[in-house]
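Remarks on the overall topology
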Amino acid sequence: MSVETQQTGGGRFPSWIGQYLRDHLLLAVIVVLFAVYPFLYDFLTGQFGLTAQMILPRTRTMLTILALGLFAMSFDFISGYTGYLSFGHAAFFGIGAYFVVLGHNGQLPVVPAETSFMLLLLIGALVAVIAAFLIGLISFRLSGVYFAMITLGIAEMMYVASNNWGFLTPGTSDPTEGVAAGSPTDVGFFEPMVGVPFVEALQVEIGPFGDESILGISVGDPQIVSYLAIGAVVLLCYLMMKRIIHSPFGRVMIAIRENEERAKAIGYNVFYYKMGAFMISAFFGAVAGALFVGYEGAIDPTNSFFFLVTGFALVAAIIGGLGTLAGPFFGYIFLEGVEEFLSREGSGGGLQPFLEQNLPGAILDTDIAGLTINEALSAFMTGHGDFYAGIIFIIFVLYVPIGMLGTLRNRYGTDSLAKYVSAGVEKRLPSSDGETAATGDDD
Amino acid sequence: MLRTNRLTKRFGGITATDEVTFELGDKLTSIIGPNGAGKTTFFNLLTGALTPTEGTVELKKDGGWVDITGMDTHETAQMGIHRSYQITNVFPTTSVLENVRVAAQAHGSNSVRFWRNVNNFDEHYEEAYGILDRVGLADKAEVPAENLSHGEKRQLEVGIALAGDPDVLLLDEPNAGVSSEDIDAVKAIIEDVATDHAVLLVEHNMDIVMDVSERIVVLNQGAVIADDKPENIQGDPDVQEAYLGGYEAGDLEARRQDTAASQGSGTEPDGGGLA
Ligand SMILES: Nc1ncnc2c1ncn2[C@@H]1O[C@H](COP(=O)(O)OP(=O)(O)OP(=O)(O)O)[C@@H](O)[C@H]1O
Ligand SMILES: [Mg+2]
């Protein structure tokens, strides 16, 4: 990979940017698609009404997907690449989320109340790194199964603590209900700014009541601004993790997954590499938690430390493809998509409102075995997204064990999908600077 | 290069290695012995995969002897002792090239660089290609290791051990299970790598052992019962007794079943190949 050596060409941007985009064409296209999604959604639902609403997840849902998708990627970073299933990964999500809330509320030692969101996000992630170090010290001495069980146990302990520890809610409220940033009345509002620290122009306030314009462009909806700002952070995290995966360090992680005994025998102190990988994954897991809270403004134990938070990441990773960095992210879109598709009216539309509007009432009210079709739909489909997601999960485990992205990658040979796309386009384009080999990687 | 002093390993009641005092020099040395004699266990003690019950292992480094008893496998590998495995032990889904490349990368400090793309480290690729040439796998570089034929996997086994330019190479039955057509290829590799490494070879195929070795050590029930030039080994009465010839028809078969029954493990697919 030698993008730095491309010095030719003029124009407004240095030429390596063009080269990079060409090498990572697939990534660029996907990023653009994500960036225009909220506008596309508004346009399509305007054009096609319920049909589009039925199929497409709302921007609000996509916002959740960004944070939880990043979490699923961080889970895959350790689990899919070193083979050590981090069943307690929710601990890091929780640490990241709670750190932001408690930090803002001034409940943490050393950290002054109303510290900026970006700083809290960063320190919280470092706290998660330290936690991973301590957890790793205990659990990496043993084999993979013990690692999974010990991490799970530690996360469960945190879950119980977060449910019972009165310190979290200094007022009178119940810790199981969660904590909100800015809830004790003596601290200011939670106004999380996302962007480049100290550069005013490159920051926006996220949250339901945040800014309505980004980079000076008004989009009129704080939700879209939050989506774009959080999306940018998620993209940055993805690129960082991808970079690590493709480094010599990442290759050692893969060697450990493939055959830890041999990795040791060729001279790797695998303990250090496992620790390093675990700490990195904890960092990004905590960032995901912080981003989640950035928009929600509050967190509760069930949405953070609970083992199902890891469970969903695992399901997303298996559907999307364990050991493909982006796979779990897409797996999450798929999961949430199914859920929203089958959700009740008023929370994203989906199948039910679509059928209600498009099928004649007579059909919906037809009586089969004592239930009308409408009632049957409510009983068996709507609101049971989790159930169908579970079925889809089982189908994936049985028939697509390497997941969506893994399957695509196998289909297009050992070369990564991105190379395939870039090379395909390269062939069709008249070569401008004689550079033919596309050297992008995708994950 | 490498020496042991009264090296002993006991598993419960079994003494798998019995007070072995041995020094490996520049001569290509083979270890032979019936199934369960303790050859693999001896290798495991030398590399640190097993901790000895008693005795020491020392390696010559820069003219002096360094005690490496009790070191872990990654440490002995860094010290320059590499091994290949009797039962193929590679990175199955990564390419043949990556199998060797990642082994080459283990030596030096590049492995901790998590912020640079792996393709910037040409030296490891060059070393890996050189080794693939040497073990005859250059045209299989991009093939996932699990898709190789059995013979090719044995070649890759040796290739991985070669990466990082070890001082001592321990080859545990590189011919295990290799079909007779492919044996010559593996034999050529053994002779080739012996030109620039101290090699200790475990081998069941007597034709190869007699042909390539300059020195043969015979193990029986964990103990060294002979240590000599190949021509003398064949005539040694103790060896005849324990191992070579000198047995009644069916004796060896019976012995093998004995050991197999008592160990419940440790047999390899080639079934001995004792000439
Ligand atoms: N980890 C272990 N635990 C218990 N016993 C063991 C262990 N490893 C080896 N042994 C025993 O030690 C003895 C020597 O085994 P070893 O594998 O070293 O023999 P070997 O000479 O390599 O045999 P082969 O020719 O079959 O490869 C056997 O009796 C075996 O059952
Ligand atoms: Mg053996």
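These notes cover the structure that comes with them. Within any chain, residue numbers begin from 1 and follow the written order of that chain's sequence. To read the labels, note that chains go from A and ligands from 1, taken in the order they are written. In view of the model being predicted, local features appear only for residues whose pLDDT reaches at least 70, and side-chain atom pairs are presented and counted only at 80 or more, with totals across whole chains, interfaces and linings using the full set of residues. The basis for every side-chain value is the complete set of non-hydrogen atoms in the structure, without hydrogens or water.

Description of the coordination of the magnesium ion (ligand 2)
All names here are of chain B. As a rule, N, O and S atoms within 2.8 Å of a metal are its donors, except that Na, K and Ca use 3.2 Å; water is not among the atoms, so sites may look incomplete. The magnesium ion (ligand 2) binds to the protein through T40 (OG1) and Q86 (OE1); the donor distances cover 1.9 to 2.2 Å. Of this pair, T40 sits in helix 1 (residues 39-47) while Q86 sits in the loop between strand 6 (81-84) and helix 3 (96-105); the two residues are 46 residues apart in sequence, bridging distant segments of the chain. Judged by its relative accessible area of 27%, T40 falls in the partly exposed class. Only DSSP runs of H or I reaching four residues or more are called helices, and only runs of E reaching two or more are called strands; each is numbered from the N terminus. Each residue is assigned to one of three classes by its accessible area relative to the maximum for its type, calculated with a 1.4 Å probe on protein chains only: buried under 20%, partly exposed between the two thresholds, exposed over 50%.

Quick look at the interface of chain B and chain A
Here, two residues are considered to be in contact whenever any of their heavy atoms come within 4.5 Å of each other. Tallying the contact residues gives 37 residues for chain B and 25 residues for chain A. A quick way to say it: buried area is the sum, across both parts, of accessible area lost when two parts are put together, with a 1.4 Å probe. For the chain B face of the interface with chain A, the top three residues by lost area are B:H74, B:F91 and B:F114, together amounting to 23%. One speaks of a salt bridge when a side-chain nitrogen belonging to Lys or Arg is within 4 Å of a carboxyl oxygen belonging to Asp or Glu. For the interface between chain B and chain A, the tally reads three salt bridges. Residues B:D72 and A:K264 are paired through a salt bridge, measuring 3.3 Å at the closest nitrogen-oxygen approach. Between N or O atoms, a polar contact is any pair within 3.5 Å; within protein, one atom must be a potential hydrogen donor and the other a potential acceptor, and residues adjacent in sequence are included only when both atoms are from side chains. If you look at where chain B meets chain A, you find 19 residue pairs in polar contact (both at pLDDT 80 or more).

Thoughts on the pairing of strand 5 (residues 64-67) of chain B
Residue and element names in this part refer to chain B. As paired strands, strand 4 (residues 54-61) and strand 5 are joined by four bridges and run antiparallel to one another. The partner of K60 across the bridge, within strand 5, is W65. For two strands to be treated as a pair, DSSP must find no fewer than two bridges joining them. Count of turn residues in the strand 4/strand 5 antiparallel hairpin: two residues, of which D62 carries a positive phi of about 50 degrees.

Details of unusual backbone geometry
Residues and elements named next belong to chain B. Positive phi, close to 45 degrees, is recorded for E173, a residue that is not glycine. Structurally, the position occupied by E173 is in the loop between strand 7 (168-172) and helix 6 (180-193). Located in the positive-phi region is Q221, a residue other than glycine, with phi close to 50 degrees. Inspection of the secondary structure puts Q221 in the loop between strand 9 (215-220) and strand 10 (223-228). Its relative accessible area of 62% is what places Q221 among the exposed residues.

Quick notes on the pattern of salt bridges
Applying the stated criterion across every chain yields a total of 17 salt bridges over all chains. Close ionic contact of A:R60 with A:E296 constitutes a salt bridge, the shortest N to O distance being 2.9 Å. Residue A:R60 is found in helix 4 (residues 59-82), and its partner A:E296 is found in helix 11 (residues 270-296); the two are separated by 236 residues along the sequence. Take A:R60: its relative accessible area is 24%, and that puts it in the partly exposed class. Residue classification places A:E296 among the partly exposed positions, given a relative accessible area of 33%. Notably, a salt bridge pairs B:E98 with B:R101, separated by 2.7 Å at the nearest N-O pair. With B:E98 and B:R101 both in helix 3 and three residues apart, this pair spans about one turn of that helix.

Structural notes on the sheet that holds strand 4 of chain B
Residues and elements named next belong to chain B. Reading across from one edge, 2-1-4-5 is the order of the four strands in this open sheet, with antiparallel pairing throughout. Strands with a single pairing partner mark the edges of an open sheet, and in this sheet they are strand 2 (14-24) and strand 5. For this sheet, the mean angle separating the axes of adjacent strands, direction not counted, is 25 degrees. Helix 1 rests against strand 1 (2-11), strand 2 and strand 4 of the sheet, and its axis sits at about 115 degrees to strand 1. The axes are straight lines fitted to the C-alpha atoms, using for helices just the contacting stretch, and the angles between their N-to-C directions are given from 0 to 180°.

Side note on the packing of helix 5 (residues 90-104) of chain A against helix 6 (residues 117-139) of chain A
All names here are of chain A. In the contact formed by helix 5 and helix 6, the axes pass within 8 Å of each other and the chain directions differ by 140 degrees. Classed by the angle they form, the pair helix 5 and helix 6 counts as oblique. Handedness of the crossing formed by helix 5 with helix 6: right-handed. Of the residues in helix 6, those touching helix 5 at F92, I95, F99, V100, G103 and H104 are F117, L120, L121, I123, G124, V127, A128, A131, A132 and I135. Under the scheme applied, nonpolar residues are Ala, Val, Leu, Ile, Met, Phe, Trp, Tyr, Cys and Pro; charged residues are Asp, Glu, Lys and Arg; polar residues are all the others, including Gly. Residues that form the contact of helix 5 with helix 6 fall into these classes: 13 nonpolar, three polar and no charged. Angular relationships are summarised with four words: roughly parallel below 35 degrees, roughly antiparallel beyond 145, roughly perpendicular across 65 to 115, and oblique for the angles in between. For a crossing to be left-handed, the near helix must be turned anticlockwise from the far one by less than a right angle; the clockwise case is right-handed.

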